[in-house]
Structures are given as C-alpha cells and as structure tokens.
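Examining the three-dimensional arrangement
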Amino acid sequence: MNNSDLRYSTLFWFLCSNFVLSLIIGSSYLNFVPDSITFGEWAFSRLAYVSNFGLLFLVLAVPLYLLTSIIPSMLFMQIASSVVFLTFNIALFVDTIIYKLYRFHINGLVWNILVTEGSSDSVKVSTSTIVVFSIYLFLIIFSVIGTHYLLSRYIKQIRLKYSGKRLLSFLLLGFFCINLIDKPIYAHADLNNKTHITRYAKLFPLYQPLTVKRLAQQWGVDVNREFDYTLSKSNGMMNYPLNDIEMMNAKDVPNIIFITVDSWRFDMMNKEVTPNIYSFSEKAWVFNNHYSGGNSTRFGIFSMFYGIYGSYWHTILSERTEPVLMEKLRQKSYNFGIWSSADLSWPEFRKTTFIGTPNQIYDRIPGKGAKVRDLQQPILFNSWLDSVGTDNPFFAYFLLDAPHEPYSYPDEFVKFEPSVNEINYMSLDKHVDMQPFFNHYKNAVYFSDHVIGQFLQIIEKRDLFKNSIVIITSDHGAEFYEHGYWGHNSAFTKEQVMAPFILYIPSEKPKKIESLTSHLDIAPTLLELTGSSKNHKDHSFGISLLSDLTSARNYVVSSGWGESAIITDEATLVFSTETYNFNTFEIRDKDYNLLMGDRYSEFFSGKDVNEVIINMGKFLK
C-alpha cells in the first residue's frame, strides 16, 4: 500500500467510524419520534435520520477529501480530520442535551447565555451534571483520537479489493445517494399534506427538507389541496394546546371582523394618512405600544392566530396544526369568510392558520394588483353577508395588500408628493432621498384607509357594530432606512415590528392603552370574548387585552425566518433560532444601535430570558 492509498484508506475508515459514532450520539433524537402507527412512518424517521447525518458528513468530508489529494501528508490529514469531527461530535452531543431540555436545537440565545459572564441567574448547572458531561466529553475525545491511533497501527493489515481512494469515493457517493431517496419522499409528502412524514423537518439538526410546491404549481398541480389535516393530539411533534380549552355555551357570541393591512407601520395611523381609521379609532381601544409577533407576513399573521412564538411556524406547518382560536370558533358554528388580495398558499396559511376552513378562503380575487383586488373586498364581503345572513355569528378576515412592496393604488389616491411611480431596487440605498419612496408608501396606506372606510360603512349600514368585534391592524411594519434597513424581514426595528392596533368591542368605552402589548394577545382576547376561561397558558404566550395590562409584562417576542427578538422599552435582544446561524446574538438599544453583546444582563433579566427559552419548547413533545 503506497502512501497515497494509505492516506485515502485511513480517511475512509476514519469517516466510517465517526459516522457510526455520530449516529450513536444522535440516536437520542429518535426518542422523540411519536408513537408510529405505520411501518412507513417508522421507516422514514430512520431514513431521514441516517440521510441527515449522511448529508452533514458529505459537506464535511468533501473538503477533507480534496485536501488529502492536494497535501500529501498523513499527519496533516490526521490532524485536520480529527479537529473537524471532534468539533462536530462535541457540538452534536451538546445539541442533543439542548433538544432534550427544550425541544429545539442549539441557537444563538442558548449558546451566548451559556458562554456569557453573568448568565448564572438564567442557567443553573449542578456538579453532577458537570461530572457526567465531562465523562461523555472524554469518551468522545477518546473515540475520535483513539480511532486514528488504531488506524495508524493496523491500517496496513487491512486488505480490501478496492483502493482507498475508490472506497472513499463510494462512501461519499453513498452519503449523496441516501439523500436522493429521502428528499423526494419528503417533497411528495409536503405536496400531499402527509404530516406523518413532514413532521420530521425539525427533529434532526440542520435537516434540509425538499419542497417543490412552486415547481409543481407551474406544472399544473394544485398545491392548495388539503387532505387529512386533523391529527390526533397525541400523535404529532406538537403538544398544542397542552389541555383542551373550556368554552362556555353562550348563545349570544359576537361577530368578529378582522382587517389586516399589509406592511402598515405604527406611525401611519393619523388624521392625515388614515382619516377613516383615525375617526373610527376614537370609538375604540387604541394600543399605542403594540408589537407584531414577526417582522414579516408569515410570522406576523401566525402570531395573531396562534398566540405563540413564530419559531413554532416550521413545526406547525409540518404538522398542519390548526390554531385553537379557529378550532373553537368552528365548534361554535361560526360562518367563516377569509379574503386576501395575495395568494394564501405562500406563505402557507392554507396549510396552517386557515387549514380548518379551506372552502371559505377567497384569495383568487380577479384583477391585476392590489389596487383592483383590495377595492373588491368590501363588495365581496357585502355579498357574502347577503348569502350567509347574520342569524349565526360570523368570522370575517381580510388581508389588504396595497402597502406591500411595490405599492399599489389608483392614480386618484396620489396625495403625498413628490412620489415615485416605481421602485428601482438597483439604485436604492440609505444615501438616496427616501421621501419620494416614503410618499409612495403613504399613498398606498391612504388608499387602504379608503377601502377600510367602505368596510366601516357596510358594518354601520347593516347595524353590525352592536354585536361585532372589529380589529384593524397590520401584519408588520415597513422601514425606509431609518436604522439602515429597507422594508421588512430584515431587522426588529420599531418601524418593522411595531403595528397599529385598534380593537372595537361593543358597549366598551374608547380608551388609549400605552402598556406593552403584542399580536400574541389577539387569540386569547378573542377566545375570552367568545366564552373561554381567563386562563390562556395552555395555548398561548399572550395576555388577554381584557385584563389589567398596567404591569402585565416586561417584554414581547417577535420572530423572523431564522431569528427572533426579545423586545423591551429600553432594548432589543436579537438571537438566532436556527443552528445554521447560531452566532447571531445582538444587543440593540432603544434606537436600535448595536451594543456590546456581554451587556445583555444590563437590559434583560435572567428570569425573562430563561422564560423565553422554556417557552420556545413548551408546546413541543
């Protein structure tokens, strides 16, 4: 065996042994697989488990393979591979502990609290825990280093038919091929709502699910089909709600009219921009310190209906779990009407928020652009009321899209000038004069106010204010480089996550609320108004807005695609919720200026941070 083949053979056996070691360490994830009802589900969970580590090993092994080809040194290969897989297996071991405790994988919040001075009030580690952890850590180090020691002594005695280079190539090909089996199965299950397959998307660390919805739609496949969305409460990855919600058998329950304006930010509710809404707000409750549960439509609307953190979105989607709010309203025989000028299959609200009412969704409103579709929504609402009547209570939800980029409104609504006609993203940056772009946005909001004025006229004409709850809010805000960001989904600035929130309750006197409130409070409030108990801890992190809000909370949580933020009146803590960006951990002051990360304890109590960590896994099994 020549030196080149010796290096390849050594690397081959080292990869094989570490792959087995990783499977052993990660086997604890399989303890959280729900009780399988079919052999197919059991088989896929094991296939996904092996293919996930196969993909991770492929990503790690290919660079080592190339370096072994370029650098003809056995010592270099041994050191490099030892460092890579020692780091990987230790990180994997730590992740299994975190998942066992909190039901999510290692992220920026947990990691930085563990390594930051002053975190002792958040994390208490016993001596026995340290001892047991050290023993396992020693065993991992011993296994990785010991493997290379054994290979250096006995590798020449191993006789195989193929060369080390070919064996190594076969191994890498095997890692790739197992994913060719796993990923198409997942994609098919995602298209057909097979939750016994899709639920594993968040079980294994860095698992990469394959979805082909957009491609399938181009091929003429109906991606909005909903099959078997109702799951047994005991058979999924979610444990939501923790207990059933008791509802009183009240006969006179109110109608609910819920209007969401996309991208409407908190400071755009005033006489000048939204005169109709402003006039209506003088008869309602106005919340002046209200935050969306997300900096994008997906997580903003999710937080409204579920009352839990946006970090649950991925698991809720994979499980096709219906919000408690919608389930209980269905049980009370509400008539449902859901209108949107944007397609509700992306984001996947048809498979989450509105999965229990697929036949009551109207998101194929004819016309080009929101300036046409938004105008039709009041007309459609009025016709719908004629068809269903008002003898039974109804839930009507509307999503207006005009203030979402690129902004859309008829010419007669150009009130704020100078205004651009379109947005050239190639020339857009913080040094450009933002006023024309901001006016373009304000004109779109002004148009939305006109549409909402038509809704209010219909409600008044039909005398529905006497028995209808009316909510007017936004899914998130919009920034115009006030803090160095554009639009939304990029940061947790006030411009992006603070939202106007107006709540009208029949017979309640108007008032303004300055307490810290959140979209997570909407579901508990509506449930309470329709007959639930006042205890909402089993289904929500929100607080009923009917309760005393004077000192109800110290913080709110808002979420993005891979990050979340703990927000107080004084600071914002931004942290990752995904392992792939676990180094994200930022402290921002009230003006969203970046502070030193080790100052988090000056602004956030260990009790509150620890509560957020626990909540992130509270509804997972």
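Structure's up top.
These lines cover the structure that appears in this document, whether it is placed above or below.

Rules used throughout
Residues numbered from 1 in each chain as written. Predicted model: local features only at pLDDT ≥ 70, side-chain atom pairs only at ≥ 80, totals over all residues. Heavy atoms only, no water. Axes fitted to C-alpha atoms, helices over the stretch in contact; angles between N-to-C directions. Helix = DSSP H or I, 4+ residues; strand = E, 2+ residues; numbered from the N terminus. Parallel < 35°, antiparallel > 145°, perpendicular 65-115°, else oblique. Left-handed = near helix turned anticlockwise from the far one by under 90°. Pairing = 2+ DSSP bridges. Salt bridge = Lys/Arg side-chain N within 4 Å of Asp/Glu carboxyl O. Buried < 20%, exposed > 50% of the residue type's maximum accessible area, 1.4 Å probe, protein only. Phe/Tyr/Trp six-rings, centres within 6.5 Å; stacked < 30°, edge-to-face > 60°. Lys, Arg positive; Asp, Glu negative; His and termini not counted. Polar contact = N/O pair within 3.5 Å; in protein donor to acceptor, adjacent residues only side chain to side chain. Contact = heavy atoms within 4.5 Å. Expected span 1.5 Å × (residues − 1). Patch = residues over 30% accessible without salt bridge, like charges linked within 9 Å, V, L, I, M, F, W, Y side chains within 5 Å. Areas by Shrake-Rupley, 256 points an atom, 1.4 Å probe, with all protein chains shown as cover. Bend = angle between axes of the 7 residues up to and from the residue. Core = buried A, V, L, I, M, F, W, Y, C linked by side-chain atoms within 4.5 Å.

The subject of this paragraph is the packing of helix H2 (residues 39-70) against helix H6 (residues 164-191). Interhelical geometry of H2 versus H6 gives an angle of 140° and a closest axis separation of 8 Å. When the axis of H2 is compared with that of H6, the two are oblique. Considering how the two elements wind past one another, H2 and H6 form a crossing that is left-handed.

Next up on the list: the sheet that holds strand E5 (residues 361-362). Taking strand neighbours across the sheet as the criterion, the eight strands line up as E5-E4-E6-E1-E7-E10-E2-E11 in an open arrangement whose pairing is mixed. Two strands lie at the open edges of the sheet, namely E5 and strand E11 (511-513), each paired on one side alone. In terms of strand pairing, strand E4 (residues 335-340) meets E5 through two bridges, oriented parallel. Of the residues in E5, the one forming a bridge with Ile338 is Ile361.

For the peptide bond that leads from Tyr240 to Pro241, omega is -5°, which places it in the cis range. Positionally, Pro241 belongs in the loop between helix H8 (213-218) and strand E1 (255-261). Here the bond from Trp346 into Pro347 is cis, since omega is -5°, no more than 30 degrees from zero. With respect to the helices, strands and loops of the structure, Pro347 is situated in the loop between E4 and E5. In this model, Tyr407 sits at a positive phi of 75°, which is unusual for a non-glycine residue. Assignment of secondary structure puts Tyr407 in the loop between strand E6 (394-400) and helix H14 (435-461).

This structure, assessed with the given rule, holds 19 salt bridges. Salt-bridge contacts for Asp267 lead to Arg265; the nearest nitrogen and oxygen are separated by 2.7 Å. The class for Asp267 is partly exposed, based on a relative accessible area of 28%. What makes Arg265 buried here is its relative accessible area of 3%. Residues participating in the shared-partner salt-bridge network are Asp343, Arg350, Asp363 and Arg364.

With that out of the way, let us pick up the packing of aromatic side chains. Two aromatic rings, taken as a pair, are described by how far apart their centres are and by the angle between their planes. Counted under the stated rule, the structure contains 62 aromatic pairs. Between Phe398 and Phe455, the aromatic rings sit 4.4 Å apart at their centres with planes inclined by 45°, giving tilted as the arrangement. One end of the pair, Phe398, is in strand E6; the other, Phe455, is in helix H14, with 57 residues separating them in the sequence. Given the relative accessible area of 0%, Phe398 is considered buried. Take Phe455: its relative accessible area is 0%, and that puts it in the buried class. Taking the centre distance of 5.3 Å and the plane angle of 40° together, the rings of Phe541 and Phe619 count as tilted. One end of the pair, Phe541, is in the loop between helix H16 (522-529) and strand E13 (556-559); the other, Phe619, is in the segment after helix H18 (606-618), and 78 residues separate them in sequence.

Moving on to the sheet that holds strand E17 (residues 594-595). As summarised here, the arrangement of the five strands in space is E13-E14-E15-E16-E17, forming an open sheet in which the pairing is antiparallel. The sheet terminates laterally at E13 and E17, the two strands that pair on one side only. In the sheet, strand E16 (residues 585-589) pairs with E17 via two bridges, with the strands oriented antiparallel. In the strand pairing of E17, Arg588 is matched with Leu594.

On to the side chain of Glu495, then. Structurally, Glu495 can be placed in helix H15 (residues 494-497). Buried charge without a salt bridge: Glu495, with Arg265 as the nearest opposite-charge side chain at an N-O distance of 4.6 Å. Among the polar contacts listed, one links the side chain of Glu495 to the side chain of His483, at a separation of 3.0 Å. Not counting the four nearest positions on each side in its chain, Glu495 is found in contact with Arg265, Phe266, Gly477, Ala478, Glu479, Glu482 and His483.

On to the pairing of E6. The element E6 is extensively covered by neighbouring structure, given that seven of its seven residues are classed as buried. The alternating pattern of E6 places Phe394, Ala396, Phe398 and Leu400 and Phe395, Tyr397 and Leu399 on opposite faces, both of which are buried. Note: E1 against E6, six bridges, orientation parallel. Among the inter-strand pairings, Phe258 is bridged to a residue of E6, identified as Tyr397. When E4 meets E6, the two strands line up parallel, connected through six bridges. Looking at E6, one finds that Trp339 is bridged to Phe398.

Bringing H6 into the picture now. The end-to-end C-alpha distance of H6, which contains 28 residues, comes to 41 Å, matching closely the 40 Å that a straight helix rising 1.5 Å per residue would cover. Following H6 by one or two positions, Asn193 adopts a phi angle in the positive range, close to 60°.

All right, on to a nonpolar patch on the surface then. A cluster of nonpolar side chains, contributed by Val131, Val132, Ile135, Tyr136, Phe138, Leu139 and Phe142, occupies part of the molecular surface with about 710 Å² of accessible area. By secondary structure assignment, the location of Phe138 is in helix H5 (residues 127-154). Assessed through its relative accessible area of 53%, Phe138 is described here as exposed.

Each α-helix turn comprises 3.6 residues. Residues three or four places apart therefore point the same way. Over its 32 residues, H2 runs 46 Å from end to end, which matches the ideal 46 Å to within 8%, given 1.5 Å per residue. Along its length, H2 reaches its greatest deviation from straightness, about 30°, at Ala61, and the proline Pro63 lies no more than four positions downstream.

The biggest cluster of nonpolar side chains holds 73 residues, and the ones touching the most others in it are Phe305, Tyr312 and Phe395. In terms of residue count, helix H10 (residues 297-306) provides more of this core than any other element does, six residues in total. With residues near it in sequence (within four places) discarded, Phe395 still touches Ile256, Phe258, Phe305, Met326, Leu329, Tyr334, Asn335, Phe336, Gly337 and Trp384. Grouped together as the second largest cluster of nonpolar side chains are 51 residues, Leu21, Tyr49, Leu86 and Val144 included.

The residue Arg553 is located in the loop between H16 and E13 in this model. Arg553 gets classed as buried once you look at its relative accessible area, which sits at 18%. Residues in contact with Arg553, not counting those within four places in the same chain, are Leu516, Thr517, Ser518, Asp521, Phe541, Gly542 and Ile543. At 2.8 Å, the side chain of Arg553 and the side chain of Asp521 are in polar contact.

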